Amino acid sequence: SQPLHRDQIEAVVSAAVQKQPVVDMHTHLYSPAFGTPVPNAAGPVDPTGLLLWGLDELVTYHYLIAEVFRVVPATVLPYDTFFKMSKVEQADHIWKHLFVERSPISEACRGVLTTLHKLGLDVSDRKLDSARKWFKEQKPGDYIDKVMELANVESITMTNPVFDDGERERWLRGIKPDPRFQAVLRIDPLLLDWPAAAKKMASWGYGVSEEVGGRTIEEARRFLRDWIDKQNAIYLALSLPPSWRYPADPADAAARAGQAILEQVILPVCAERGLAFAMMIGSRRAANPALRDAGDMVGTSDVDSVTALAARFPGNRFFVTMLARENQHALAVAARKFGNLMVFGCWWFVNNPSLITEITKMRVELLGTSFIPQHSDARVLDQLLYKWDHSRKLIAGVLAEKYRDAVDAGWKLTTADIERDVALYLKGNFRNFL
Ligand code: REL
Ligand code: ZN
């Protein structure tokens, strides 16, 4: 094919990025088999269901809960009162204060607007009634097809916390997710609170005790193998606080137990099964516990701990993302040193346009095409529509600039070259690393 002129690049990149189906490597979405608490045309509603979707879930996303408490503080509407309100009442409250009484220009507010717009719903009268009615008429099964098609997402990776009772019971009942949804075995308590994890595992019939050694190690490995098989998990994952260190502080008994579990249970089983291990580092949970999911904080983490782990376990593969803007540069540099380290996504508080552009640009400059620019972290199905729309545009903008620089330096670039690279970014790098 013909080399592109520099003026054609922007349009070609943007078309390639739009056209390329995404494999979303980290979400909190579920296939309909997991049940939905959202009233809909297919009924019946399962209040404990895990698949969130629809208007009221979109508007009550925890990002927006944090934002509404800034303008209607807890001294006016106490946290408990808010959380006791119905979903519809909570959504009405957020809509009134963040969309009607002031303009919805934060990224989370804009996300709701993009989502409704992409679905062809008009809320310019600033009322939610007609949109709410439209959502009630949807059937989750069909609606998933529609959202995935509109968002051009080909595969959704779930987050499946094995220490979560509602989740665990569903797997024990033999749930079979829709093949477009793939499981990730999520194991935070194993590393962060070994005594509590051990107690639960013992009650489930695994011969583990608080002391990490001998039989406990064997039995904990058996636990992981059983759950990898049950979920058919494609990788293992957890998130870690900014204070996490590898190696652990020898004076900190809890951290030492976590390290022993990591070195002797998690990583050996990952290696034996050929599975990658994902670490999302930098979230300090419950800085304001009354805000629930919205109450977590960001903190600067330790990139040296990641490099130490990658160096010590060359036979393991690590997906790593960090929450603090301050860590992004060192993390990208670390990935230059270790081929078993795959940097991914702009996570949570850095998933904002200004930071996505900054981080993606820097990663291209340091890592070329060898990283995973984004995941959605969607908690509500419909959010795929905005998360990927916004990210695709930003990624395309960065790539166009970088391709133009190459062409200015005399490189002959074709549409096929661009499409090949974009396929790596949105799908191939993840799949190949698995
Ligand atoms: O997977 C995680 O640990 C986080 O992404 C979530 O806990 C977080 O609440 C999520 O909604 C952020 O986007
Ligand atoms: Zn997440």
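Position numbers for residues count from 1 along each chain, tracking the sequence in the order it is written. Lettering for chains starts from A, numbering for ligands starts from 1, and both go in the order in which the items are written. Totals for whole chains, interfaces and linings use every residue, but because this is a predicted model, local features are given only for residues with pLDDT of at least 70 and side-chain atom pairs only at 80 or more, for both listing and counting. Side-chain metrics in this entry use all non-hydrogen atoms of the structure; hydrogen atoms and water are not considered.

Caption draft 1: Geometry of the coordination of the zinc ion (ligand 2). Each metal's donors are the N, O and S atoms within 2.8 Å of it, or within 3.2 Å when it is Na, K or Ca, and because water is not part of the set, sites may look incomplete. Protein coordination of the zinc ion (ligand 2) is provided by His26 (NE2), His28 (NE2) and Asp377 (OD), with donor distances spanning 2.0 to 2.2 Å. Since its relative accessible area comes to 4%, histidine 26 is described here as buried. Throughout this description, buried means an accessible area under 20% of the type-specific maximum (1.4 Å probe, protein chains only), exposed means over 50%, and partly exposed covers the range between.

Caption draft 2: Just the packing of helix 17 (residues 383-408) against helix 18 (residues 415-433), in detail. The N-to-C vectors of helix 17 and helix 18 enclose an angle of 135 degrees; their axes lie 12 Å apart at closest approach. Taken as axis vectors, helix 17 and helix 18 run oblique relative to one another. Along this stretch, helix 17 crosses helix 18, giving a crossing that reads as right-handed. Contact with helix 17, carried on its side by Trp388, Arg392, Ile395, Leu399 and Tyr403, involves Ile418, Asp421, Val422, Tyr425 and Leu426 of helix 18 and no other residues of that element. Residue classes follow a fixed rule: Ala, Val, Leu, Ile, Met, Phe, Trp, Tyr, Cys and Pro count as nonpolar, while Asp, Glu, Lys and Arg count as charged, and any other residue, Gly among them, counts as polar. Split by residue class, the contact of helix 17 with helix 18 holds 8 nonpolar, no polar and 2 charged. Only the stretch in contact is used when fitting a helix axis, every axis being a line fitted to C-alpha atoms; angles between N-to-C directions are given from 0 to 180 degrees. Counting from the N terminus, the helices are DSSP H or I runs at least four residues long and the strands are E runs at least two residues long. Oblique is the label for every angle not falling under 35 degrees (roughly parallel), over 145 degrees (roughly antiparallel), or within 65 to 115 degrees (roughly perpendicular). Working rule for handedness: look at the near helix, and if it is turned counterclockwise from the far one by less than a right angle, call the crossing left-handed; if clockwise, right-handed. Working rule for contacts: check all heavy atoms of both residues, and any pair within 4.5 Å makes them a contact.

Caption draft 3: Examining the nonpolar core more closely. Counting residues in each nonpolar core, the largest one holds 147 residues, and the members touching the most others are Phe277 and Phe319. With 11 residues, the top contributor of residues to this core is helix 17. Either an automatic procedure or a domain database provided the assignment from which the domain bounds are taken. When we break this core down by domain, the ones giving at least three residues each are domain 1 (6-36 + 151-433) and domain 2 (55-137). Leave out the neighbours within four places in its chain, and phenylalanine 319 touches Met25, Tyr235, Ala276, Phe277, Ala278, Met279, Met342, Phe344, Ile372, Phe430, Phe433 and Leu434. By convention a nonpolar core is built from buried Ala, Val, Leu, Ile, Met, Phe, Trp, Tyr and Cys residues, the set being connected through side-chain atoms within 4.5 Å. Counting residues in hydrophobic clusters, the runner-up holds 6 residues, among them Cys346, Val350, Ile356 and Leu394.

Caption draft 4: Broad picture of the site of ligand 1. Taken together, the neighbourhood of ligand 1 is formed by His26, His28, His62, Tyr63, Arg186, Ser239, Arg285, Trp347, Trp348, Asp377 and Arg379. In the analysis that follows, any N or O atom pair within 3.5 Å is treated as a polar contact, provided that within protein one partner can donate a hydrogen and the other can accept it, and provided that, for residues neighboring in sequence, both atoms belong to side chains. Between ligand 1 and histidine 26, the relevant distance is 3.2 Å, taken from an oxygen atom to a side-chain nitrogen or oxygen of the residue. At 2.9 Å, a side-chain N or O of tryptophan 347 approaches an oxygen atom of ligand 1. Only the protein chains shown count as cover for residues, and all accessible areas are computed by the Shrake-Rupley method using a 1.4 Å probe. Starting from 330 Å² of accessible surface for ligand 1 in isolation, the protein chains cover 97%. Grouping the constituent residues of the shell around ligand 1 by class yields 3 nonpolar, 4 polar and 4 charged. A molecule or strand has a residue near it when one of that residue's heavy atoms lies within 4 Å.

Caption draft 5: Spatial organisation of the environment of glutamine 374. For glutamine 374, the position within the fold is in the loop between helix 16 (353-367) and helix 17. Linking glutamine 374 and leucine 119, residues 255 residues apart in sequence, is a C-alpha distance of 22 Å. When sequence neighbours within four positions are dropped, the list of residues in contact with glutamine 374 reads Gly345, Cys346, Asn351, Ile356, Trp388, Ser391 and Ile395. Among the polar contacts listed, one links the side chain of glutamine 374 to the side chain of serine 391, at a separation of 3.2 Å.

Caption draft 6: Quick look at the sheet that holds strand 7 (residues 276-281). Note: two strands are recorded as paired if DSSP finds a minimum of 2 bridges between them. Reading across from one edge, 3-5-6-7-10-11 is the order of the 6 strands in this open sheet, with parallel pairing throughout. Each of the sheet's edge strands pairs with one partner strand only, and the pair in question is strand 3 (160-161) and strand 11 (341-343). Relative to strand 6 (residues 235-240), strand 5 (residues 184-186) runs parallel, the two sharing 3 bridges. Bridge pairing links leucine 185 to leucine 236 in strand 6.

Caption draft 7: Here's a closer look at the packing of aromatic side chains. Stacked, edge-to-face and tilted are the three classes for Phe, Tyr and Trp ring pairs, Trp counted by its six-membered ring, which pair at centre distances within 6.5 Å; planes under 30 degrees apart are stacked, over 60 edge-to-face, the rest tilted. Going through the model one piece at a time under the given rule, you end up with 23 aromatic pairs. Taking 5.1 Å as the distance between ring centres and 50 degrees as the angle between the ring planes, the aromatic pair formed by tyrosine 30 and phenylalanine 34 counts as tilted. For phenylalanine 34, a relative accessible area of 0% puts it in the buried group. These aromatic residues form a ring-pair network of at least three members: Tyr235, Phe319, Phe344, Phe430 and Phe433. Charge over a ring is defined by NZ of Lys or CZ of Arg lying within 6 Å of the ring centre and within 35 degrees of the ring normal. The residue whose ring lies beneath arginine 168 is tryptophan 204, and the NZ or CZ to ring-centre distance is 3.7 Å. The ring of tryptophan 227 is capped by lysine 230, whose NZ or CZ atom sits 5.5 Å from the centre of that ring.

Caption draft 8: Fine view of the pairing of strand 2 (residues 153-157). Most of strand 2 is tucked away: 4 of the 5 residues are buried. Inspection of the sheet shows strand 1 (residues 22-24) paired to strand 2 by 3 bridges, in the parallel sense. Pairing of valine 23 across the sheet is with serine 155, part of strand 2. As judged from the 2 bridges shared by strand 2 and strand 4 (residues 181-182), these two strands associate in the parallel manner. Bridging from a neighbouring strand, threonine 157 pairs with glutamine 182 of strand 4.

Caption draft 9: Quick peek at the pattern of salt bridges. Each reported salt bridge corresponds to a side-chain nitrogen of Lys or Arg within 4 Å of a carboxyl oxygen of Asp or Glu. This structure, assessed with the given rule, holds 32 salt bridges. For lysine 87, the salt bridge identified is with glutamate 57, shortest N-O distance 3.3 Å. Residue lysine 87 is found in helix 5 (residues 87-100), and its partner glutamate 57 is found in helix 2 (residues 55-59); the two are separated by 30 residues along the sequence. In this structure, aspartate 226 engages arginine 222 in a salt bridge whose closest nitrogen and oxygen atoms are separated by 3.9 Å. Pair noted here: aspartate 226 and arginine 222 are both in helix 12 (residues 214-231), with a separation of 4 residues, about one helical turn. On the basis of relative accessible area, aspartate 226 is assigned to the partly exposed category, the value being 28%. Three or more residues are tied together by salt bridges with common partners; here these are Arg225, Asp229, Glu272 and Arg273.

Caption draft 10: Structural context of the environment of asparagine 232. Looking at the element boundaries, asparagine 232 is found in the loop between helix 12 and strand 6. With 47 residues separating them along the chain, asparagine 232 and leucine 185 place their C-alpha atoms 8.7 Å apart. Setting aside residues no more than four positions away along its own chain, asparagine 232 makes contact with Ala183 and Trp227.

Caption draft 11: Structural detail: the domain arrangement of the chain. By the assigned domains, the chain splits into domain 1 (6-36 + 151-433) and domain 2 (55-137). A separation of 28 Å is found between the C-alpha centroids of domain 1 and domain 2. Contacts between the two partners involve 20 residues from domain 1 and, on the opposite side, 19 residues from domain 2. Two parts placed together each lose some accessible area under a 1.4 Å probe, and the buried area is that loss summed for both. Summed over both partners, the interface of domain 1 with domain 2 buries about 1,900 Å², with 64% contributed by carbon and sulfur atoms.

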